[in-house]
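Listed below are the residues making up each chain.
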Amino acid sequence: MRNLKLFERFKSTQVHAFTTQDSPSTSSNDSLRMLKFLGHPKSSSKSKSRSLLPHGFPTTDLLEPLLESYLKPIDLVESLSNLYRRIESSSQSETSMLYLEQYAVLRSLGDAKLLRRCLLNARRHAIDVPCKVVLSAWLRFFRREYELVGVESMDCNGLATECPKTSLTHGCDLNVDDEGCECSTVCEDDFCSDDIKISRADEFSGLDEVSDISFCVGSEKAKCVRSRIAALSRPFEAMLYGSFVESRTSEIDFSENGISIEAMVALNIYSRIKRVDLFRVETVFELLQLASKFCCDDLKSECEARLAASVTNLDKALTFVEYALEERTTLLLSACLQVFLRELPQSLHNPKVMRFFCSSEVKEQLAYLGSECLFLLYYFLSQVGMEEKLTTEPMLILLERNREFARTNWQKALSLHQMGCVLFERKDYKAAQFHFRLASSLGHVYSLAGVSRTEYKQGKRYSAYKLMNFLISNHKPHGWMYQERSLYNVGVEKLKDLATATELDPTLTFPYKYRAVMKFEQKQIKEAFEEIDRLVQFKLSPECLELRAWLFLATGDRERCLRDLRAVLSLEPNYVVFGGKMRDDLVEALTAQCFEVESEADCWVRLFDRWSAVDDIGSLAVVHQMLQNDPSKNFLRFRQSLLLLRLNCQGAAMRCLRMAWNLATSEAERLVYEGWLLYDMGYVEETLTKAEEAISIQRSFEAFFLKAYALADKNLDADEVSCVVQVLEEALKCPSDGLRKGQALNNLGSIYIDLGMLDQAETAYKNAIEIKHTRAHQGLARVYFLKNQRKEACEEMTKLIEKACSKAAAYEKRSEYCEREKAKEDLDMATTLDPLRTYPYRYRAAVLMDDQRETEAVEELSKAIAFRPELQTLHLRAAFHEATGNLSLATQDCEAALCLDPNHTETLHLYSRSKDQASSIDNTIFGLD
């Protein structure tokens, strides 16, 4: 029902280019000029619109793409295939780091679900506590948008893989999954407080055993049982039963050991009942020192565990970490690290925490954790720092530590490349070039793009051009190579490079942006907008919307400029619009010019209009305006989250849901929003529970709608599916607006189809269309198709194409109801509008294969795989390779596909068959020899 597929997390990367005559000294006069302009809301002059941009417009001379800061294999399929084989044959101790390598390799795809799976597998196979702590914190950081405000960083969020207590246990647990955690969130009063006194121990048996020895500290004595103390360690046994003086006396002076009488009393109690959770933290510290001195391993472990459990906040972690380093207590150190890491990214801005991670003395003390663990730690810290766009000296130290602890080639190449990227941002081009060259020497070819860019920045344009020429000549061409070479080319050759870059990899945003700005400079206004619109249709990001807003403002179209700015701020509320060169109230100023004072009803009419036109960006902008007018309309944040999910902006959607939950005015409303958060995380049973609780408090459309979604996601038989119909019908009886009722009717039609009730489905879809739920045309077309009315189905999809602003999905769907030639035309159009859709490539390849044009069929699939190696596409190409007898390539594609999803049944069968055939051929050849 709800599109939850996530292709990438949209970053706040911005490329702000201004004309060379910019000067900070002119900003105050420019602002005055802008204020003067804003006083005339009826003016529509383009020249006056330009006064809104005192610092100029983006220029082609200053536009350039970002250098990506992650691993970018020259042959991703081969790399994934190799990784799959290594993981399958790896030992237990190697597996966790191999999954981390898989994470590093797959980052270039931007698929958050896939990346989380890599981290989950790394966490499951981790053995050492410090590694488990880092990976658990990483998983939590990865899904921080889901956290409700008010949840503390050390709270267990119910996921076993992220639980702070579970991560402090040694050994891997392959059965731990991303489901509910069984750890108790409420401690018993007797064992949780640091203020519990020793006298509480009188409640326990074992203390009535007669003492036969005393340890004296000054004038005070701690009475103990000799045999109990001797059993704690070999040194104690030797002292109390060996040839030492202490073995022949009943009183032993311990005054010179630096241990308090309270600690000795605690030692007595521990020796009898084997528990330290009764004592104050200060006492446990002393016991730990004594345990280290006298080699009491069990006591030491107990003390470490007690202290680790008490590290619950940043202050305690900063206090305990120094002691943990001095005593080399791995568990306590891990507990302190856990607090630092679960506070990210905030802890990166804490001077004390950064001093700890960057200190050379601490680096030496941490060495006993091992290079593998420390690489994992500093890789995580470095990645968070780069996401925060830190380019400070401490950030460089984190990257340097990452490099120092790297052991394998991929680790070294990654750390060197990342260091080069940060140095490049700092404009330290010589140092950046040095690191890029080192990374490229380790086999990371993409780092040569960094080398060429630094050459270019140092005025060596021809040298940069030659390097990229060399790359293109000696490697299989990639879109990024031509994109990079275009920076050093001019005129027609530059445009040819950009065209080739788009052809090879249509996901690259720079070529579209460059062509849009170039055409704008050449007064080809319509063509400029067509270029940027092409990009926005399939790859929505703040920087692309910002550029289009800039162009709208330049042409005097302030209303559409405002629409895009509102959409930008919906995606990222803290986005720095126009490079921070504009007044803070730009949106308000534009609002005053574009609209008369609009009533709430007017806004609803516009929202209904945009929603019906399948204009998600326009709908997002209207919702943003309505929230700006009245932030108390909390349900609008929920609508905002639906739109963001539809636009594949998962993180922003979760942020809206969290805010809706925090600002909810009733318990029933809060339960619904929490239920949607759980649903989007994949917890269907928990979602159903929240929906039922909400309904028990108040029968509402949203509560029933949530319940219907949760039920529909369960594996239901035909009888059980009918209950989803009943729930949706209950939802439709509750008050709501046409937008939501249209969605409910659309979903109801889908359920009727599953039940084979086509007439009822047709009625539901027609009722949805009656209230202008345009997407219902697609469902109605499916009904007609199932009734064997292909012509009517095609006509219905044509209506959707005519009404919808976003048409790629509609063209793709209509192709299913058309004749072969018309279907190919529709799929070609879908690819033009949204090249990220891989179904059209698979369809065209299948048609070519049917026509026995095997080479062309494989080439068609390879086009899509080059920029988006999707599971289904890899599987199909593997099948084609098998059919043409190219078993080695079939096996490689299967391995790459299984690296993305190791449980895909069809690919597993194909993989096994391909290997068997290859083995049979090898045996035949061997027999002939």
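About the criteria used
Here, residues in each chain are numbered from 1, in the same order as that chain's written sequence. In keeping with the predicted nature of the model, local features appear solely for residues at pLDDT of at least 70, side-chain atom pairs appear and are counted solely at 80 or more, and the whole-chain, interface and lining totals rest on all residues. Excluded from the side-chain calculations are hydrogens and water; all other atoms, namely the structure's heavy atoms, are used. Only runs of H or I of at least four residues qualify as helices and only runs of E of at least two qualify as strands under DSSP, and these elements are numbered from the N terminus. When accessible area is computed with a 1.4 Å probe and restricted to protein chains, residues below 20% of their type maximum are described as buried, those above 50% as exposed, and intermediate ones as partly exposed. Contact between two residues is taken to exist if any of their heavy atoms lie within 4.5 Å; hydrogens are not considered. Only the protein chains shown count as covering a residue, and every accessible area follows the Shrake-Rupley method with a 1.4 Å probe. Throughout this description, the term nonpolar core refers to a set of buried Ala, Val, Leu, Ile, Met, Phe, Trp, Tyr and Cys residues connected via side-chain atoms within 4.5 Å. When DSSP finds two or more bridges between a pair of strands, those strands are recorded as paired. Distance and chemistry together define a polar contact, namely a pair of N or O atoms within 3.5 Å, with one atom able to donate a hydrogen and the other to accept it when in protein, and with adjacent residues in sequence counting only for side-chain atoms on both sides. The length a helix should cover is 1.5 Å for every residue beyond the first. Every case where a carboxyl oxygen of Asp or Glu lies within 4 Å of a side-chain nitrogen of Lys or Arg is listed as a salt bridge. A fitted line through C-alpha atoms represents every axis, and for helices the fit uses only the stretch in contact; the resulting angles, taken between N-to-C directions, go from 0 to 180 degrees. Roughly parallel means an angle under 35 degrees; roughly antiparallel, over 145; roughly perpendicular, 65 to 115; everything else is oblique. In this count, Pro and Cys sit with the nonpolar residues alongside Ala, Val, Leu, Ile, Met, Phe, Trp and Tyr, while Asp, Glu, Lys and Arg are called charged and the others, Gly among them, polar. To pair, rings of Phe, Tyr and Trp, with the six-membered ring standing in for Trp, must have centres within 6.5 Å; the planes then decide the type, stacked if under 30 degrees apart, edge-to-face if over 60, and tilted in the middle. The rule for a charge over a ring is simple: NZ of Lys or CZ of Arg within 6 Å of the ring centre, and within 35 degrees of the ring normal. pLDDT is defined as a per-residue confidence score from the predictor, taking values between 0 and 100.

Visitor: Any chance you could explain the overall build of the protein here in plain terms?
Guide: Each helix and strand in the protein was counted, giving 48 helices and three strands. Buried positions account for 55% of the 929 residues belonging to the protein. When contacts within the protein are restricted to residue pairs at least 6 apart in sequence, long-range pairs at least 24 apart make up 62% of them. Accessible area for the protein stands at about 40800 Å²; split by element, carbon and sulfur atoms hold 49% of it.

Visitor: It is not clear to me how the nonpolar core should be interpreted in this structure. Could you clarify?
Guide: Note that soluble globular proteins tend to have their nonpolar side chains buried in a common cluster. One finds Leu 100, Phe 236, Phe 254, Phe 340, Leu 341, Phe 356 and Phe 357 to be the most contacted residues of the largest nonpolar core, which totals 280 residues. It is helix α17 (residues 371–387) that contributes the most residues to this core, 11 residues altogether. Those residues in contact with Phe 356 that sit more than four places away from it in its chain are Val 321, Leu 325, Leu 333, Leu 337, Phe 340, Val 362 and Leu 366.

Visitor: Just to check I follow, could you spell out the pairing of strand β1 (residues 213–217) for this structure?
Guide: Of all five residues in β1, five are buried; the element is thus mostly enclosed. Here β1 shows no split at all, with Ile 213, Phe 215 and Val 217 on one side and Ser 214 and Cys 216 on the other all buried. Pairing between β1 and strand β2 (residues 220–224): five bridges, direction antiparallel. Bridge pairing in β2 places Ser 214 opposite Lys 223. In textbook terms, the turn of a hairpin is the stretch between consecutive antiparallel strands, and for β1 and β2 this stretch comprises two residues, one of which, Gly 218, has a positive phi near 65 degrees. Note: β1 against strand β3 (residues 251–253), three bridges, orientation parallel. Across the sheet, residue Phe 215 finds its bridge partner in β3, namely Ile 252.

Visitor: Could you clarify how one ought to interpret the environment of Leu 62 in this entry?
Guide: Along the chain, Leu 62 turns up in the loop between α2 (46–50) and α3 (76–88). The spacing of Leu 62 and Tyr 514 is 452 residues in sequence and 9.8 Å in space, taken between C-alpha atoms.

Visitor: Is there a simple way to explain the environment of Arg 740 in this structure?
Guide: By secondary structure assignment, the location of Arg 740 is in helix α38 (residues 738–754). Assessed through its relative accessible area of 0%, Arg 740 is described here as buried. For Arg 740 and Ala 768, which are 28 residues apart along the polypeptide, the C-alpha to C-alpha distance reads 10.0 Å. Apart from residues lying up to four places away in sequence, Arg 740 is in contact with Phe 638, Arg 639, Leu 642, Phe 701, Glu 702 and Phe 705. In terms of polar contacts, Arg 740 uses its side chain to reach the side chain of Glu 702, at 2.7 Å. Reaching out from Arg 740, the side chain makes a polar contact with the side chain of Gln 743 at a distance of 2.4 Å.

Visitor: Even after reading the chapter, I still don't get helix α10 (residues 261–273), so can you show me in this structure?
Guide: It helps to recall that an α-helix has 3.6 residues per turn; residues three or four apart then point in one direction. Over its 13 residues, α10 runs 19 Å from end to end, which matches the ideal 18 Å to within 8%, given 1.5 Å per residue. Most of α10 is tucked away, with 11 of its 13 residues classed as buried. Burial in α10 covers these residues: Ile 261, Ala 263, Met 264, Ala 266, Leu 267, Asn 268, Ile 269, Tyr 270, Ser 271, Arg 272 and Ile 273. Looking at the buried side of α10, the elements it contacts are β1, β2, α8 (226–230), α9 (234–241), α11 (281–293) and α12 (297–310). Immediately beyond the C-terminal end of α10, within one or two residues, lies Lys 274, with a positive phi of roughly 55 degrees.

Visitor: Help me understand the pattern of salt bridges in this model?
Guide: Opposite charge on two side chains permits them to pair, given that their charged atoms come into close proximity. Tallied over the full model, the rule gives 58 salt bridges. Close ionic contact of Arg 453 with Glu 484 constitutes a salt bridge, the shortest N to O distance being 2.6 Å. Taken as a pair, Arg 453 in helix α21 (residues 447–457) and Glu 484 in helix α23 (residues 479–486) lie far apart in primary sequence, 31 residues in all. The class for Arg 453 is buried, based on a relative accessible area of 1%. Here Arg 610 makes a salt bridge to Asp 615, at a shortest N to O gap of 2.8 Å. When salt bridges with common partners are traced through the structure, they connect Lys 824, Asp 828, Arg 844, Glu 860 and Lys 863 into a single cluster.

Visitor: I tried to follow the sheet that holds β3 on my own but got confused; where do I start?
Guide: Strand pairs in the sheet, formed through backbone hydrogen bonds, run parallel or antiparallel to each other. Pairing in this open sheet of three strands is mixed, and the strands run β2-β1-β3 from one edge to the other. With partners counted over all chains shown, the strands left at the sheet margins are β2 and β3, one partner each. Each adjacent strand pair in this sheet contributes to an overall mean axis angle of 25 degrees, direction not counted.

Visitor: Please clarify how the packing of α3 against helix α47 (residues 887–900) should be interpreted in this entry.
Guide: The relative placement of two packed helices is expressed as an angle between their axes plus a distance between the axes. Relative to each other, α3 and α47 sit at 75 degrees, their axes nearing to 7 Å. With respect to their mutual orientation, α3 and α47 come out roughly perpendicular. The segment α3 lies against α47, with Val 77, Glu 78, Leu 80, Ser 81, Leu 83, Tyr 84 and Arg 85 engaging Gln 892, Asp 893, Glu 895, Ala 896, Leu 898, Cys 899 and Leu 900. Class assignment for the residues of the contact of α3 with α47 results in eight nonpolar, two polar and four charged.

Visitor: I would appreciate a short explanation of the packing of α3 against helix α4 (residues 92–106) in the present structure.
Guide: Running from N to C, α3 and α4 point in directions that differ by 170 degrees, and their axes come no closer than 10 Å. On the basis of their axis angle, the class for α3 and α4 is roughly antiparallel. Residues Leu 76, Ser 79, Leu 80, Leu 83, Arg 86 and Ile 87 of α3 lie in contact with α4, whose contacting residues are Leu 98, Tyr 99, Glu 101, Gln 102, Val 105 and Leu 106. Of the residues in the contact of α3 with α4, the class split is eight nonpolar, two polar and two charged.

Visitor: Looking at this structure, I do not really get the packing of aromatic side chains. What am I missing?
Guide: If you walk through the whole model with that rule in mind, you get 37 aromatic pairs. A centroid spacing of 5.6 Å and a plane angle of 90 degrees characterise the contact between Trp 676 and Tyr 679, whose relative ring orientation is edge-to-face. Linking Trp 676 with Tyr 679, this pair stays in helix α34 (residues 667–680), spanning three residues, or about one helical turn. Taking the relative accessible area as the measure of exposure, Trp 676 reaches 0% and is therefore buried. Of the residues examined, Tyr 679 reaches a relative accessible area of 5% and is grouped as buried. Of the aromatic side chains, those joined through ring pairs into one cluster are Tyr 103, Trp 138, Phe 141, Phe 375, Tyr 379, Phe 380 and Trp 410. In this structure, Arg 646 packs its charged tip against the face of Trp 611, placed 5.0 Å from the ring centre. Positioned over the ring face of Trp 661 is Arg 670, at 5.9 Å from the centre of the ring.

Visitor: Got a minute to help me understand unusual backbone geometry in this structure?
Guide: Peptide bonds are, in most cases, trans, and in most cases residues other than glycine have a negative phi. For the peptide bond that leads from Leu 344 to Pro 345, omega is 5 degrees, which places it in the cis range. On the secondary structure map, Pro 345 appears in the loop between α14 (330–342) and α15 (351–358). Positive phi values are uncommon outside glycine, yet Lys 389 reaches one of about 60 degrees. Residue placement: Lys 389 occurs in the loop between α17 and α18 (393–404). Despite not being glycine, Lys 523 shows a phi value in the positive range, around 65 degrees. Tracing the backbone shows Lys 523 in the loop between α25 (510–521) and α26 (525–538). On the basis of relative accessibility, which here comes to 66%, the residue Lys 523 falls in the exposed class.

Visitor: Honestly, the confidence of the model for the protein in this entry has me stumped. Any pointers?
Guide: Interpretation of this model should avoid reading the predicted coordinates in detail wherever pLDDT is low. On average, residues of the protein carry a pLDDT of 85, and 87% of them reach 70 or more. Counting interchain partners and residues more than four positions distant, the pLDDT-below-50 stretch residues 1–52 has 132 contacts. Across residues 184–205, where pLDDT falls below 50, the model places 36 contacts with residues more than four positions away in sequence or in other chains.

Visitor: I tried to follow the environment of Val 725 on my own but got confused; where do I start?
Guide: Of note, Val 725 is situated in helix α37 (residues 718–733). Between the C-alpha atom of Val 725 and that of Asn 747, which follows or precedes it by 22 residues, the distance is 9.1 Å. If we skip the residues at most four places from it in the chain, Val 725 touches Leu 748, Ile 751, Tyr 752 and Leu 755.

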